Each structure stands twice: as C-alpha cells, then as structure tokens.
Amino acid sequence: MSDRSPLPPVLLRPEAELAREALAAPLFSRAVRLARWAAPGTPVSAGGELAEELLPAAAVELGLLDPGAVGLGEDTGVSGSVPAAQVEDALADAGEAWRVAVDTGLVEVTEPADEPADGDEDGPDGTATQGEELELITSGSPQDVLTLWLTALDTVLADATVPDLDDLIGSVDEEGLVDLRELDWDPEAEADFLEGVLGNLYLLTVDEDGPGDGPVPLPALAASMLVPDDMGEPTDDVLEQVSDAMLKLDGQFRMLAPVGLVEYRPVDEALMADADESAAPGADGPAVPDDDIDVSRYGMVRLTPLGLYGVRARMLEAGLDVPLVGDLADKGADVLLDRAGAFPPAAARAETALWLGRREPLAAARELLSAARGEDVDGPLRRLSCQQALAVLGAPAEPAVREVLDDPELGGLARVWLTEHGATDVPPPGEDMIFWLTVDTVAAQLAAEGNSEELQGLVEGIAAQHSGFFGTVWRVDHPATADVLEAMGRLHPDKAVAKLARKAAFKARSHRAS
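Residues numbered from 1 in each chain as written. Predicted model: local features only at pLDDT ≥ 70, side-chain atom pairs only at ≥ 80, totals over all residues. Heavy atoms only, no water.

Caption draft 1: Broad picture of the pattern of salt bridges. According to the stated counting rule, one finds 22 salt bridges in the structure shown. R383 is the salt-bridge partner of E409, the closest N and O atoms lying 3.5 Å from each other. Of the two residues, E409 sits in the loop between α18 (398-402) and α19 (411-420) while R383 sits in helix α17 (residues 379-393), which places them 26 residues apart along the sequence. Accessibility expressed as a relative area gives 16% for E409, which makes it buried. A salt bridge links R383 to D440, with the shortest nitrogen-to-oxygen separation between them at 2.8 Å. Linking R383 in helix α17 with D440 in helix α20 (residues 431-449), this pair joins segments that are 57 residues apart in sequence. No difference in accessibility class separates R383 from D440, as the two residues are buried. (Salt bridge = Lys/Arg side-chain N within 4 Å of Asp/Glu carboxyl O. Helix = DSSP H or I, 4+ residues; strand = E, 2+ residues; numbered from the N terminus. Buried < 20%, exposed > 50% of the residue type's maximum accessible area, 1.4 Å probe, protein only.)

Below is the structure:
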C-alpha cells in the first residue's frame, strides 16, 4: 500500500468567504474598530495594555457600554447606575480586543526611551497608534486578512489556557512571581490538551463517521481525550476527570466563540449549580450525563467553516499532513486513484469532480482507465476508484470505456459501467472474466472497508449466486484470489460454505506457487 495521510481531506470554503467571516467575528471585528479608534499618542501600560482610564471609552466605542454611562463615576469612569457585572464584562471585552489589536499589528505600541522612575513598579508607560497591518483590512487580499485572524486566534488560545485570575493572584510568591507548583498549572500541558481537543473536533467534523457539520456534545469531546479506546465501562476516577475537563472546556469554548473558531452552546447554569450543591470532595464539574438525560444541556460545540480553516492551519504548522480537497487536481490519474480511494465517499466525489473539471472528458476517461491497470496489491482499489470516477464523468466517458471491452483487467469493469448507463449492445462476458471481476471486486471492497457488514453481504450473495463457485474460483489468475477466498471463509456465516472457501484458498496458494 502507498503512504496516505491518516486524516481525511477537508473541503474548505473559498478564502474570500472565510475572510468575510473573520472580519465579522465579534472579537476580531472589535480589534479592528479599536485600531481605527486609536489616535497617535494613545497611552498604554508598559506591557502594551490600554491605559485603564481609557477602557470605558473603548467599551463605548465598541457598543459595549452606553455613552451616557461613561464619565460620571469617580473611580471607574462609569456611572454607578450600570450594573457592576455589566461594567466588568464590558471592560474585560474591550481589554481583550485591544490585546488582539496589538498582537496582530493593527495597533503599534512604542515604548518610552526613559528608564522607570524609582518606586514605579509598573514600569514606564508607552503610547500606541494605528499599525501598518490595519491597511490590510481594506486593501489586502483575503489571505492577508486570514493571516491576521490566525494571529488573533493564537492570542485567544493562549489566553484560554491561563488559569482564572483569582487562582493566579493566590499563587503569587514573595517576589511577585506566579508559583506554578503552587498553582498546579503546566502551561505546555494545558496548551497540548486544548490543541488535542480541537484536533479531535476537527476529525469529527471532516470524518463522515462523525457528526459532520452537526454539533458535538461536550461530554463526548472530553471523553475522547480521557477515556481509553479499550475501556468498556469508565471508572469513577475517569468519569471525574471527564467532568473536570468539561468544566475547563466550557470556559475555554466561551472564550473561543467570539473569535469565530466555534459555535458553542454552554453548559446549562442549572447543572452547574446542582453540581456545586451535590459535589463530592475533589469534584469540580458537572456530572457526566446518563443515557436518558438531554445531553445538549451539558454543552454542544461545532467548528465553524472559519474554525475548520484555523485548526487545519495550526495542524499544518505543527508538521502534520492535513489533506485538502483539491490537492490532487493537478496530479496524474494514478495519484488520484491511489489517494482518493482512501477518502470518505463525499470527499472522494468532490476531489474527483475537481480533477475532472480541469480536463477534457474523453482524455480524462482514457487516463483514468490506463491508471487503473496493474496486478499490484493496490490494483483492485484503483479500479474501484476508477469506476466511481467514471460514474462522476458520465456519458462522455463511453467511447473510452468501449475501447477496453477486451482488456483482461478492465473488460469486466467496462461491461458493468455500460450496463449501468443504459447500453443495450454490451457483449456478454466469458466465465473467466466473470470470476476475475468477482475476485477483483471483493479485493477492492476488502481494501476499502475491511471486514464490514456490507462485504459480508456481498460474500453471501456471491456464494449463493454461483453454483460450484469455490470449485472454480481458485484457478482464477488474479494476485488476490487466495486472500479473497480466505476473507470469504472468515466472513461467511455458514460453516460448511466457510470451510469450502478456506479449502479453495489453500488450492489457490498452491496453484499460484506452482
């Protein structure tokens, strides 16, 4: 078998559409607005944070606070009639948008040349103004916008793995530094865990066996990281870990939603309250739901099209092979048949359609048929992929298909294709061709699906349809004959038929060795 990526290919939206989604994401949109709002000389702290006295005005600029509520309070600059929680959230959102603007280069910070004065623990203040990258928002390409958005995503992901502020304050040592041992926080491990969660969410999104575009329950996503595949019933300890992970992911996905990475339905607050009241010592999160409980109350998350693009970009940066539908469009038919055969059906059809769209139909059909030949181990799967590609191509392929009617490897495929497309003058196949095509078809399905229920049904149908099948098929000059017969012996539920298949497999191996 050839080397193939373990990840299925993904079909992304056009970059122009993704760039529009990035600009519409609440957090990135706010960062752009604050960059346009920033004037030369805007005061910032030594770390580039927006000066605290400007946060209320920034929140007003973003529509997070009403203009009439600003400038009336002595301490915060915000009217006391505004609920404290609303003010706190608004100022936090404005501060986060400013950090994104700085990190992406939409805002440029200039540090002062002077050294900090004695006793100035915060260090020198600086100033900020609009950055050069801001021009890319209106005059840059979609790729320029997406590059800025990916930088914003880096900022949010880093923030999402930082512990709660109260925990940080409680872990500050005598020198004013955070004691990571006291905090029990491993930054690298936390980042790896979140990247792993996003990787699993990506797989569930692009794999046809997963939910596709549908949301994923938060308990299932947490369990995918913590419950071993070979574990039957999770232990209490594992369930407690899953519960804690759900609580952590709930907070992280709340942070990731505004940047446009995910759509998230948070954990029901009532469940969190119930968990606080009935929690056992050491348990922090909501209990893992039973089968008869509405799982959507425990959080539901899905990657947006923009999020799919973002997670794939991070995987590529990490050195992973993350195929994209369309990667094979400029490759030869041999590469298409080799790789698309391992794709999920929808991705294979999309890849094939893009490949065909760049070629003249009849020439494409001839190239596909030529690439489908071969007695190597991948030959049966290539011929299956060829048949599927010709089905996508349709009637324009007919002249090329008729040209291979007498081909010992492709003649059976050609007859099947012509019959399926309504041809009435298809010459009947000889017995040798029928048996060769049967072996080739089972070998292809075995390579594509393994010991599936569909293959078992095919095996039962073949054995029932052909009287004396096993007495003849072992003589078929196909490299996969013995392997196919052994598979039929494993899959057929009738012990007597299975025994005939195994005997035929033995004869086939002896025949080929002679």
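The structure having been displayed, the exposition proceeds.
Caption draft 2: Spotlight on the sheet that holds strand β5 (residues 262-265). Reading across the sheet, the three strands line up as β4-β6-β5 and stay open at both edges, with antiparallel pairing between neighbours. Each edge of the open sheet is held by one strand with a lone partner, namely β4 (216-217) and β5. Where β4 lies against strand β6 (residues 300-303), two bridges are found, and the strand directions are antiparallel. Across the sheet, the residue bridging to V216 is V301, located in β6. Along the sheet, helix α9 (residues 187-206) contacts β4, β5 and β6; its crossing angle with β6, the most-contacted strand, is approximately 75 degrees. Along the sheet face, helix α11 (residues 236-256) touches β5 and β6 and points at about 130 degrees away from the line of β5. (Pairing = 2+ DSSP bridges. Contact = heavy atoms within 4.5 Å. Axes fitted to C-alpha atoms, helices over the stretch in contact; angles between N-to-C directions.)

Caption draft 3: Inspection of the confidence of the model for the chain at higher detail. Counting all residues, the mean pLDDT for the chain is 86, and 84% of those residues have values of 70 or more. The least confident element of the chain, judged by mean pLDDT, is helix α7 (residues 165-170) at 51; the most confident is helix α1 (residues 15-24) at 98. (pLDDT = per-residue confidence, 0-100.)

Caption draft 4: Expanded view of the packing of α17 against α19. Their axes nearest at 11 Å, the elements α17 and α19 cross at an angle of 25 degrees. With respect to α19, the element α17 is oriented roughly parallel. For the element pair α17 and α19, the recorded crossing hand is right-handed. Between α17 and α19, the residues in contact are R383, Q387, L390 and A391 and L413, V416, W417 and E420, respectively. When the residues that make up the contact of α17 with α19 are grouped by side-chain class, the tally is five nonpolar, one polar and two charged. (Parallel < 35°, antiparallel > 145°, perpendicular 65-115°, else oblique. Left-handed = near helix turned anticlockwise from the far one by under 90°. Nonpolar A, V, L, I, M, F, W, Y, C, P; charged D, E, K, R; others polar.)

Caption draft 5: Helix α15 (residues 345-357), seen in detail. Given a rise of 1.5 Å per residue, 13 residues ought to cover 18 Å, and the 18 Å separating the end C-alpha atoms of α15 matches this to within 8%. Inspection of α15 places A347, A348, E351, T352, W355 and L356 among the buried residues, and these make up the whole buried set. Down the axis, α15 shows its buried residues gathered within 165 degrees of arc, on one side only. Facing away from the buried side of α15 by more than 90 degrees, the exposed set consists of R349 and G357. Taken together, the buried residues of α15 touch α14 (333-340), α16 (361-372) and α17. (Expected span 1.5 Å × (residues − 1). Arc of directions from axis to C-beta.)

Caption draft 6: The environment of A24, seen in detail. Note on placement: A24 falls in helix α1. For A24, a relative accessible area of 58% puts it in the exposed group. Separated by 235 residues in the primary sequence, A24 and V259 have C-alpha atoms spaced 9.1 Å apart.

Caption draft 7: Quick peek at the nonpolar core. Counting residues in each nonpolar core, the largest one holds 79 residues, and the members touching the most others are F28, L106, W149, Y202, F253, L261 and V262. Per element, the largest residue contribution to this core is ten residues, and it comes from helix α6 (residues 142-160). Filtering out sequence-adjacent residues up to four positions away, W149 remains in contact with A22, F28, V259, G260, L261, L306, Y309 and G310. By size, the runner-up hydrophobic cluster in this structure holds 32 residues, among which are F343, A371, L390 and V404. (Core = buried A, V, L, I, M, F, W, Y, C linked by side-chain atoms within 4.5 Å.)

Caption draft 8: A look at the packing of aromatic side chains. Per the stated rule, a full pass over the model turns up three aromatic pairs. Ring centres 5.5 Å apart and planes at 45 degrees place the aromatic pair F253 and Y264 in the tilted group. Separated by eleven residues along the polypeptide, F253 in helix α11 and Y264 in strand β5 bring together distant segments of the chain. Members of the aromatic cluster, joined through ring pairs, are F435, F469 and F470. The ring centre of F193 lies 4.5 Å from the NZ or CZ of K248, which sits over that ring. (Phe/Tyr/Trp six-rings, centres within 6.5 Å; stacked < 30°, edge-to-face > 60°. Lys NZ or Arg CZ within 6 Å of the ring centre and 35° of its normal.)

Caption draft 9: Examining the sheet that holds strand β3 (residues 126-130) more closely. A sheet is described by the order of its strands in space; here three strands give the open sequence β1-β3-β2, paired in antiparallel fashion. Two strands lie at the open edges of the sheet, namely β1 (42-44) and β2 (107-110), each paired on one side alone. Within this sheet the neighbouring strands show an average axis-to-axis angle of 35 degrees, counted without direction. Seen against the sheet, helix α4 (residues 84-103) touches β1, β2 and β3 and runs at an angle of roughly 85 degrees to β2.

Caption draft 10: Helix α23 (residues 481-491), seen in detail. Most of α23 sits out of view: eight of its eleven residues are buried. Buried within α23 are the following residues: T481, A482, V484, L485, A487, M488, G489 and L491. Against α20, α21 (453-465), α22 (469-473) and α24 (495-513) lie the buried residues of α23.

Caption draft 11: Structural context of empty space enclosed by the protein. Per the stated rule, a full pass over the model turns up one cavity of 30 Å³ or more. When its volume is computed, the largest cavity comes out at roughly 30 Å³. Lining the largest cavity are P408, E409, G412, M433, W436 and L437. Residue contributions to the lining of the largest cavity peak at three residues, all from α20. (1 Å grid on protein atoms, 1.4 Å probe; cavity = no way out; pocket = protein on both sides within 12 Å on 5 of 7 lines; lining within 4 Å. Points joined across faces, edges and corners; volume = space filled by probe spheres on them.)

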